[in-house]
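# Structural characterization, general
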Amino acid sequence: MSFLTYFKIPTLVRRCSTDFQKLREKYFKLEKCWEAVADLSSMTRDELAIHDAHKNASYNCHFSYQDPNSGEKVFTRYYHFLNGKCCGEACRHCTYNYDEVPENLKRQKKFNGSFWVDVTNPAEIVKKQIEKLKNMIKVKPRKLSSYVQTNPKQ
């Protein structure tokens, strides 16, 4: 039993090596950081459901969970973290910043603060960014009459 130890998680007890225990502890520290930076106020109702399902699965050390919207199986950040590197498949909960994902696929995804989501319409995003820039540099136009003399000298 010297090589194995018991690692207690809130509702489950698992037997694991000390190396694996250290790796798991490192993951939970990172998960705490990811949770701290997640902006839940900007997420849609569907994204919040995904966030909650993922949080529950990760907390219980599950490698996957069922997507609450589509019903598909989705790997957790815990699984990806233990994998050790990006697989290049543009996974929803990639912990490696899409290091191995092809550029054309990277452009189709954005990080919403908690996980990667599809960019619905790139043209719409560019349009919103342009509109935002216009609002930032908006200058009040002066009346044309202020530039034109009303009584020009002849």
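Just above, that's the structure.
I will try to describe carefully the structure that is included in this document. (Residues numbered from 1 in each chain as written. Predicted model: local features only at pLDDT ≥ 70, side-chain atom pairs only at ≥ 80, totals over all residues. Heavy atoms only, no water.)

### Focus on the pattern of salt bridges
Under the counting rule described, the total for this entry stands at 5 salt bridges. K109 is the salt-bridge partner of D118, the closest N and O atoms lying 2.7 Å from each other. Assessed through its relative accessible area of 21%, K109 is described here as partly exposed. (Salt bridge = Lys/Arg side-chain N within 4 Å of Asp/Glu carboxyl O. Buried < 20%, exposed > 50% of the residue type's maximum accessible area, 1.4 Å probe, protein only.)

### Considerations on the packing of helix α1 (residues 18-37) against helix α2 (residues 45-59)
At a minimum axis distance of 12 Å, the contact between α1 and α2 shows a crossing angle of 160°. Put simply, α1 runs roughly antiparallel to α2. Considering how the two elements wind past one another, α1 and α2 form a crossing that is left-handed. On α2, the residues that touch Y27, F28, E31 and E35 of α1 are H51, H54, K55, S58 and Y59. (Axes fitted to C-alpha atoms, helices over the stretch in contact; angles between N-to-C directions. Helix = DSSP H or I, 4+ residues; strand = E, 2+ residues; numbered from the N terminus. Parallel < 35°, antiparallel > 145°, perpendicular 65-115°, else oblique. Left-handed = near helix turned anticlockwise from the far one by under 90°. Contact = heavy atoms within 4.5 Å.)

### Some thoughts on the environment of E100
On the secondary structure map, E100 appears in the loop between α3 (77-83) and α4 (103-106). The class of E100 is exposed, set by a relative accessible area of 54%. With 12 residues separating them along the chain, E100 and G88 place their C-alpha atoms 4.4 Å apart. If we skip the residues at most four places from it in the chain, E100 touches C86, C87 and G88.

### Focus: the environment of N60
Among the secondary structure elements, N60 is positioned in the loop between α2 and β3 (64-66). Owing to a relative accessible area of 12%, N60 belongs among the buried residues under this scheme. At 3.0 Å, the side chain of N60 and the backbone oxygen of N56 are in polar contact. (Polar contact = N/O pair within 3.5 Å; in protein donor to acceptor, adjacent residues only side chain to side chain.)

### Points about the packing of aromatic side chains
Evaluated as defined, the whole model comprises 9 aromatic pairs. On the basis of an interplanar angle of 20° and a centroid distance of 5.6 Å, the ring pair of F63 and Y78 is categorised as stacked. Of this pair, F63 sits in the loop between α2 and β3 while Y78 sits in helix α3; the two residues are 15 residues apart in sequence, bridging distant segments of the chain. With a centroid separation of 4.0 Å and 15° between ring planes, the pair formed by Y98 and W116 is classed as stacked. Of this pair, Y98 sits in the loop between α3 and α4 while W116 sits in strand β6 (residues 116-118); the two residues are 18 residues apart in sequence, bridging distant segments of the chain. (Phe/Tyr/Trp six-rings, centres within 6.5 Å; stacked < 30°, edge-to-face > 60°.)

### Looking at the environment of I50
Relative to the helices and strands, I50 resides in helix α2. Relative accessible area serves as the criterion here: at 6%, I50 is assigned to the buried category. Through-space distance from the C-alpha of I50 to that of P68 is 6.3 Å; in sequence the pair is 18 residues apart.

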